[in-house]
Amino acid sequence: MPDTASAHGGTSGGFTKTEGWLDWYDGPTSPTFRLPEGAVDAHCHVFGPGERFPYAPERKYTPCDASAEQLFALRDHLGFTRNVIVQATCHGADNRALVDALQRSEGRARGVATVRRDVTDHELADLHAAGVRGVRFNFVKRLVDRVPIDSLEEIVAKIAPLGWHVVIYFEAADLPELYDFFSGIPTDIVVDHMGRPDVTKDPDGPEFGLFLRFMRENPRVWTKVTCPERLSVTGPRALDGEQQAYVDVVPFARRVVEEFPDRVLWGTDWPHPNLTDHMPDDGLMVDYIPRIATTPELQRKMLVDNPSRLYWA
Ligand SMILES: O=C(O)c1cc(C(=O)O)oc(=O)c1
């Protein structure tokens, strides 16, 4: 177990958690759903610990520490074999915590980094050696200041020769404005959390329809069917043994899994940054999987084959 400075709930290194911060769920249940052999948690993060890996000055929130050891303990408890660790915005473009986690994983984790336009080929080569296979572009206004498109294009030109992909995080309402830029990216693209649909709207309506069209028109676009705990309005929450959690998100995710079975990924989103109303039991999050990927074949593609192709090929 980690030392006390980085134990659950604390923020070490002299940092103070954002007011109202919810810590990740301690002692998750064992999932009822048995993950297939080789399953990948393809969206999760590490935070700090702040005393070793200080949070970035430009961050919009200060989380509780969530170390690599704690992530790997969760991986083993839930029955995953591997992780894809995504650089969280609280670390800005300082990828040291991510790289440290990748190096401790013994080849069982890959990473998605954040880089700036002035990143050098040498730095990119080091990140690649550590296990990074993509960069993340974030368009969610509460998380980052907007980076100009020409900077992002410069970054794409630098990472494309490495065979990396671009992870994009945006809100559904912003897709019309970003559609052409995204469609012009020449690498694979992975969309976080299905482009954050407003799940009070109709999954057959124009807003989600635009996202589905984006995937249909761009065969190199993949998506994570993740974060029902963020998208859900009605719940019920993945707590207290609830096996029917987040019913309002299920039709959206199922739709995507069934139309694009070879381009979907799933992850826990541990340690669930910025949730304000509840913190889910990660064991019950795993029990959500068979409700959106309803056959063993769909489950194997989403959890094993697809992430293996994108991150371990
Ligand atoms: O990098 C992050 O800070 C971050 C935040 C959120 C969110 O607050 O929605 O979600 C993520 O997947 C990652």
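Description of the structure in this document. (Residues numbered from 1 in each chain as written. Predicted model: local features only at pLDDT ≥ 70, side-chain atom pairs only at ≥ 80, totals over all residues. Heavy atoms only, no water.)

Structural notes on the overall build of the protein chain
So, point 1. The number of helices and strands found in the protein chain is 10 helices and 8 strands.
So, point 2. In terms of overall size, the protein chain behaves like a compact globule, its C-alpha atoms giving a radius of gyration of 18 Å where 313 residues would be expected to give roughly 20 Å.
So, point 3. Contacts in the protein chain between residues at least 24 apart in sequence constitute 76% of all its contacts with a sequence separation of at least 6.
So, point 4. As displayed, the protein chain has an accessible area near 12500 Å², and 51% of this comes from carbon and sulfur atoms.
So, point 5. For the protein chain, the distance from the average site of its 34 positive side-chain charges to the average site of its 47 negative ones is 3 Å. (Helix = DSSP H or I, 4+ residues; strand = E, 2+ residues; numbered from the N terminus. Rg over C-alpha atoms; globule rule 2.2 N^0.38 Å. Contact = heavy atoms within 4.5 Å. Areas by Shrake-Rupley, 256 points an atom, 1.4 Å probe, with all protein chains shown as cover. Lys, Arg positive; Asp, Glu negative; His and termini not counted. Charge placed at Lys NZ, Arg CZ, Asp CG, Glu CD.)

Thoughts on the packing of helix H6 (residues 206-217) against helix H8 (residues 250-259)
So, point 1. Their axes nearest at 12 Å, the elements H6 and H8 cross at an angle of 20°. Regarding the angle of H6 to H8, the classification is roughly parallel. Read as a crossing pair, H6 and H8 show a hand that is right-handed. Here H6 contributes Phe208, Phe211, Leu212, Met215 and Arg216 to the contact with H8, which in turn contributes Phe252, Arg255, Val256 and Glu259.
So, point 2. In the contact of H6 with H8, the residues fall into 6 nonpolar, no polar and 3 charged. (Axes fitted to C-alpha atoms, helices over the stretch in contact; angles between N-to-C directions. Parallel < 35°, antiparallel > 145°, perpendicular 65-115°, else oblique. Left-handed = near helix turned anticlockwise from the far one by under 90°. Nonpolar A, V, L, I, M, F, W, Y, C, P; charged D, E, K, R; others polar.)

Here we look at the sheet that holds strand E5 (residues 165-169)
So, point 1. As summarised here, the arrangement of the 8 strands in space is E1-E2-E3-E4-E5-E6-E7-E8, forming an open sheet in which the pairing is parallel. In this open sheet, the two edge strands, each paired with only one partner strand, are strand E1 (40-44) and strand E8 (264-265).
So, point 2. One ladder, built from 3 bridges, connects strand E6 (residues 189-191) with strand E7 (residues 221-224); its direction is parallel. From the neighbouring strand, Val190 faces E7, where its bridge partner is Trp222.
So, point 3. In the packing of H6 onto the sheet, contacts are made with E5, E6 and E7, and the angle to E7 comes to roughly 135°. (Pairing = 2+ DSSP bridges.)

So, the site of the ligand
So, point 1. Taken together, 15 residues sit near the ligand, with Tyr61, Thr89, Arg142, Tyr169 and Asn274 positioned nearest.
So, point 2. Contact distances for the ligand include 3.0 Å between an oxygen atom and a side-chain N or O atom of His43.
So, point 3. One of the side-chain nitrogen or oxygen atoms of Arg136 is found 2.9 Å away from an oxygen atom of the ligand.
So, point 4. Within the complex, 100% of the 330 Å² of free accessible area of the ligand lies under protein.
So, point 5. A per-class count over the shell around the ligand returns 5 nonpolar, 5 polar and 5 charged. (Near = heavy atom within 4 Å. Polar contact = N/O pair within 3.5 Å; in protein donor to acceptor, adjacent residues only side chain to side chain.)

A few points about the side chain of Ser151
So, point 1. Among the secondary structure elements, Ser151 is positioned in helix H4 (residues 149-159).
So, point 2. Judged by its relative accessible area of 6%, Ser151 is buried.
So, point 3. In terms of polar contacts, Ser151 uses its side chain to reach the side chain of Arg117, at 3.0 Å. (Buried < 20%, exposed > 50% of the residue type's maximum accessible area, 1.4 Å probe, protein only.)

Description of helix H10 (residues 296-311)
So, point 1. The end-to-end C-alpha distance of H10, which contains 16 residues, comes to 21 Å, matching closely the 22 Å that a straight helix rising 1.5 Å per residue would cover.
So, point 2. Helix geometry: H10 is bent most strongly at Met302, by close to 40°.
So, point 3. Considered for burial, the residues of H10 that qualify are Leu298, Gln299, Lys301, Met302, Leu303, Val304, Asn306, Pro307, Ser308, Leu310 and Tyr311. (Expected span 1.5 Å × (residues − 1). Bend = angle between axes of the 7 residues up to and from the residue.)

Describing the pattern of salt bridges
So, point 1. This structure, assessed with the given rule, holds 27 salt bridges.
So, point 2. In this structure, Glu177 engages Arg146 in a salt bridge whose closest nitrogen and oxygen atoms are separated by 3.4 Å. A residue pair is termed long-range when its members are at least 10 positions apart, and Glu177 in helix H5 (residues 175-184) and Arg146 in the loop between strand E4 (132-138) and H4 qualify at 31 residues.
So, point 3. Assessed through its relative accessible area of 56%, Glu177 is described here as exposed.
So, point 4. With a relative accessible area of 41%, Arg146 lands in the partly exposed category.
So, point 5. A salt bridge links Lys201 to Glu207; the nearest nitrogen and oxygen atoms lie 2.9 Å apart.
So, point 6. By relative accessible area, which is 41% here, Lys201 ends up partly exposed. (Salt bridge = Lys/Arg side-chain N within 4 Å of Asp/Glu carboxyl O.)

Thoughts on the side chain of Asn138
So, point 1. On the secondary structure map, Asn138 appears in strand E4.
So, point 2. The exposure class of Asn138 is buried, given its relative accessible area of 12%.
So, point 3. One polar contact links the side chain of Asn138 to the main-chain amide nitrogen of Val140, over a distance of 3.0 Å.

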